[in-house]
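Chain residues, written in single-letter form:
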2 protein chains.
Amino acid sequence: MAYILGVDIGGTSIKAGLFDKSGNLIDVKKIQTIEIVNDVAYAMVVQGLGELLSARDVSSSEVAAIGMTVPGPVDSDGRVGVLANISLDAEGLKGALHKAFPAATIAFVNDANAAALGELWQGGAQGVSNCVMVTLGTGVGGGVIVDGHLVAGAFGAAGEIGHLTMNYEETQTCGCGRKGCLEQYASAKGIVRLYHAACERAKQTPVELSHETDTISVFKAYAAGDACAKEAIEEMSEYLGRALALIACVVDPEVVLIGGGVAGGYDVYAEKVTESFWRHCFSGCAAMRISAATLGNEAGMYGAAYCALQQWGK
Amino acid sequence: MAYILGVDIGGTSIKAGLFDKSGNLIDVKKIQTIEIVNDVAYAMVVQGLGELLSARDVSSSEVAAIGMTVPGPVDSDGRVGVLANISLDAEGLKGALHKAFPAATIAFVNDANAAALGELWQGGAQGVSNCVMVTLGTGVGGGVIVDGHLVAGAFGAAGEIGHLTMNYEETQTCGCGRKGCLEQYASAKGIVRLYHAACERAKQTPVELSHETDTISVFKAYAAGDACAKEAIEEMSEYLGRALALIACVVDPEVVLIGGGVAGGYDVYAEKVTESFWRHCFSGCAAMRISAATLGNEAGMYGAAYCALQQWGK
């Protein structure tokens, strides 16, 4: 029988899933990693994947495909670009996996794009051919699916939704070096920033936040009637709705899924985002649906597996 | 031998091209039309196409595919939506063509999307897999190509670049009913509007324009040192460059082609648009090229043929 491995590579650990070809998740294993840049580290990854297989009596020759997420650009030919936030030698790891799994197709996919593919395969976008996933986490990422296939882009930058310029008057600088990116308003960090700014304008003491991405406390404050939290959430929703209207004019998806950590509070802002979208969208795209993603932080693992499965099937 | 017909349907006439499968344009025929909504009109179209074929000794059974542009939405399944600016019964015409060319694959494609496909096949985007065509005419249209295939969109509205909202403070209304669309700044009508507004602000008498889309006179005034024309062209370029930066974050094309009537003055604004793009684009997309389309007003005809050829080849 043919199995697929979906491997979500993070900064300090790997989450690997064993799937069958129908998309059933059979088992998951977390593998602690150091910097994945030499033979010792590659061997740790191979060993971890081997343990995942042997726990389910699957032999390495039964692995048809291995998909791996990377937090950076992957172009339409599957080439990994510069990875700024992680120590990973993608080619080195690929070579080690080829040795351990000689029969397997190996594919890399950008992590936000993988989440979109995962939702398409087994999540909130099943049965949909054209969709966009927006991941609201520490930053804002995205993945664009057209006719059932991921749009990687000429330079691996398709779906960089977080860097749509939404405010040309912004004075603060985004992580990317420009000003006014969606990420500055709709990421966890952005929402907290908007809340603090609203408190400052109103000369109100903000509620205590446990960290700089603690949107849960902002959402709680909103539920408790905090006017500054309301202002921040309305500002975030206005920009996110505008951004979705821009995206709709370019690729006209049937569905936009909202995922990532901030999607935990989806009910708080769902209606506001939809209202903003309707106010700003081209009439031809008004039937687009907006809804919450369903796979949570397993979306990347699912999508990595699906990406590899699609390439294996070619 | 197999031939392809590419049919560009306009308001008062049809331009039909006879192509071989390699994309060589063998002959062109203009067919005057009345409203294409009944058997009399369908017969006129069929007769015109027949004359185009017989002039080159091609029999109707040698026509493998017929592609037709429509000025309105066509979804990813090839279904034609509401056509606001033309009297055309697409299904009726398709039926008549099926009768006359029983062996031919028949496909409809949005006119702006067709132009993109045409440039991809035989124009300025040959050899490119990911590109966006922006058509600056009376309005602003667009076509998005991903991995060599047209993005139609879930509701046939992909590539509606003209309705990207670029200015949320705009007070005048776009043809689509909203305010601040790219079309209000970068179409022929938009450039003339910006020029007149600049003249009004400067209390300057505008140069004489022959019609409300006479950008040639505005471009000439600019060349002659007219400060208001300069202001209008700079404003147009700023918005167009910003729009291209937004598009790049979504689909990350390798090339953007500028076509349509306003592309006749491409050299006037090319550098300014590129500068604006660079100022606003996400760094990962900065290598994107911007250039002029090369097929002029034959792009739609080429693209209609290519669209039909792609479907025939499936």
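Residues numbered from 1 in each chain as written. Chains lettered and ligands numbered in written order. Predicted model: local features only at pLDDT ≥ 70, side-chain atom pairs only at ≥ 80, totals over all residues.

Re the packing of helix 3 (residues 111-122) of chain B against helix 9 (residues 299-312) of chain B
Residue and element names in this part refer to chain B.
Right, so step 1: Running from N to C, helix 3 and helix 9 cross one another at 80 degrees; their axes reach a closest spacing of 6 Å. In terms of orientation, helix 3 lies roughly perpendicular with respect to helix 9. Each of Asp111, Ala114, Ala115, Ala116, Leu117, Gly118, Glu119, Trp121 and Gln122 in helix 3 lies in contact with helix 9, whose residues at this interface are Ala299, Gly300, Met301, Tyr302, Gly303, Ala304, Tyr306 and Cys307.
Right, so step 2: Of the residues assigned to the contact of helix 3 with helix 9, the class counts are eleven nonpolar, four polar and two charged. (Axes fitted to C-alpha atoms, helices over the stretch in contact; angles between N-to-C directions. Helix = DSSP H or I, 4+ residues; strand = E, 2+ residues; numbered from the N terminus. Parallel < 35°, antiparallel > 145°, perpendicular 65-115°, else oblique. Contact = placed C-beta atoms within 7 Å. Nonpolar A, V, L, I, M, F, W, Y, C, P; charged D, E, K, R; others polar.)

Comments concerning the domain arrangement of chain A
Residue and element names in this part refer to chain A.
Right, so step 1: For chain A, the assigned domains are domain 1 (3-117 + 298-312) and domain 2 (127-293).
Right, so step 2: Distance from the C-alpha centre of domain 1 to the C-alpha centre of domain 2: 29 Å.
Right, so step 3: Of the residues lining the interface, 13 residues belong to domain 1; the matching set on domain 2 comes to 16 residues.
Right, so step 4: Of all the secondary structure elements, the ones that give two or more residues to the side of domain 1 that touches domain 2 are helix 3 (111-122) and helix 9 (299-312). (Domains from an automatic or database assignment.)

Some words on the interface of chain A and chain B
Right, so step 1: Taken together, the contact between chain A and chain B spans 37 residues of the former and 37 residues of the latter.
Right, so step 2: The set of elements that each furnish at least two residues to the side of chain A that touches chain B consists of strand 7 (140-146) and helix 7 (227-251) of chain A.
Right, so step 3: Here the residues of the side of chain A that touches chain B are counted per class, giving 21 nonpolar, eleven polar and five charged.

Description of the relation of the copies chain A and chain B
Right, so step 1: The operation relating chain A to chain B is a screw motion whose rotation component is 180 degrees, with 0.0 Å of axial translation and a residual RMSD of 0.0 Å. Given the turn and translation reported, the copies of this chain are related as if by a two-fold rotation axis. (Least-squares fit on C-alpha atoms with pLDDT ≥ 70 in both.)

Structural notes on the environment of Lys15 of chain B
Residue and element names in this part refer to chain B.
Right, so step 1: In this structure, Lys15 sits in strand 2 (residues 13-20).
Right, so step 2: Owing to 19 C-beta atoms within 10 Å, Lys15 belongs among the partly exposed residues under this scheme.
Right, so step 3: Residues within four places of Lys15 in sequence aside, it is in contact with Asp8, Val28, Lys30 and Met301. (Buried ≥ 20, exposed ≤ 12 C-beta atoms within 10 Å, placed from the backbone.)

Quick notes on the pairing of strand 9 (residues 255-259) of chain B
Residues and elements named next belong to chain B.
Right, so step 1: Among the five residues in strand 9, five count as buried, and that is most of the element.
Right, so step 2: Two elements, strand 9 and strand 10 (residues 289-292), share four bridges in a ladder whose sense is parallel. The residue of strand 10 that forms the bridge with Leu257 is Ser291.
Right, so step 3: As for the winding sense of the linkage, the β-α-β connection from strand 9 through helix 8 (residues 266-280) to strand 10 is right-handed. (Pairing = 2+ DSSP bridges. Right-handed = clockwise from strand over helix to strand, strands pointing away.)

What to know about the sheet that holds strand 8 (residues 149-150) of chain A
Hydrogen bonding along the main chain pairs the strands of a sheet, whether they run parallel or antiparallel.
All names here are of chain A.
Right, so step 1: Pairing is mixed across the open sheet formed by five strands, whose spatial order is 8-7-6-9-10. The two strands at the open ends of the sheet, each matched to only one other strand, are strand 8 and strand 10 (289-292).
Right, so step 2: In this structure, strand 6 (residues 131-136) lies alongside strand 7, joined through six bridges in antiparallel fashion. Pairing of Val132 across the sheet is with Val144, part of strand 7.
Right, so step 3: The sheet contacts of helix 3 involve strand 6, strand 7, strand 8 and strand 9 (255-259), and relative to strand 7 the element is tilted by about 50 degrees.

Details of helix 7 of chain A
Residue and element names in this part refer to chain A.
Right, so step 1: Given a rise of 1.5 Å per residue, 25 residues ought to cover 36 Å, and the 36 Å separating the end C-alpha atoms of helix 7 matches this to within 8%.
Right, so step 2: Of all the 25 residues making up helix 7, 20 are buried; the element is thus mostly covered by neighbouring parts of the structure.
Right, so step 3: In the stretch just after helix 7, Asp252 is the one whose phi turns positive, near 50 degrees. (Expected span 1.5 Å × (residues − 1).)

Digging into the nonpolar core
Right, so step 1: Core analysis: the biggest nonpolar cluster contains 232 residues, and Ile66 and Val251 of chain A together with Ile66 and Val251 of chain B have the highest contact counts within it.
Right, so step 2: Once residues lying within four places of it in the same chain are set aside, the contact partners of Ile66 of chain B are Leu5, Val7, Leu97, Phe101, Ala104, Ile106 and Ala308 of chain B. (Core = buried A, V, L, I, M, F, W, Y, C linked by C-beta atoms within 7 Å.)

Concerning the pairing of strand 6 of chain A
Residue and element names in this part refer to chain A.
Right, so step 1: Judged by how many residues are buried, strand 6 sits mostly within the fold: six of six residues are covered.
Right, so step 2: Residues of strand 6 alternate between two faces, with Cys131, Met133 and Thr135 on one and Val132, Val134 and Leu136 on the opposite face, all of them buried.
Right, so step 3: As consecutive antiparallel partners, strand 6 and strand 7 are separated by three residues.
Right, so step 4: Direction of pairing for strand 6 relative to strand 9: parallel, over a ladder of five bridges. Paired with Thr135 across the strands is Gly259, a residue of strand 9.

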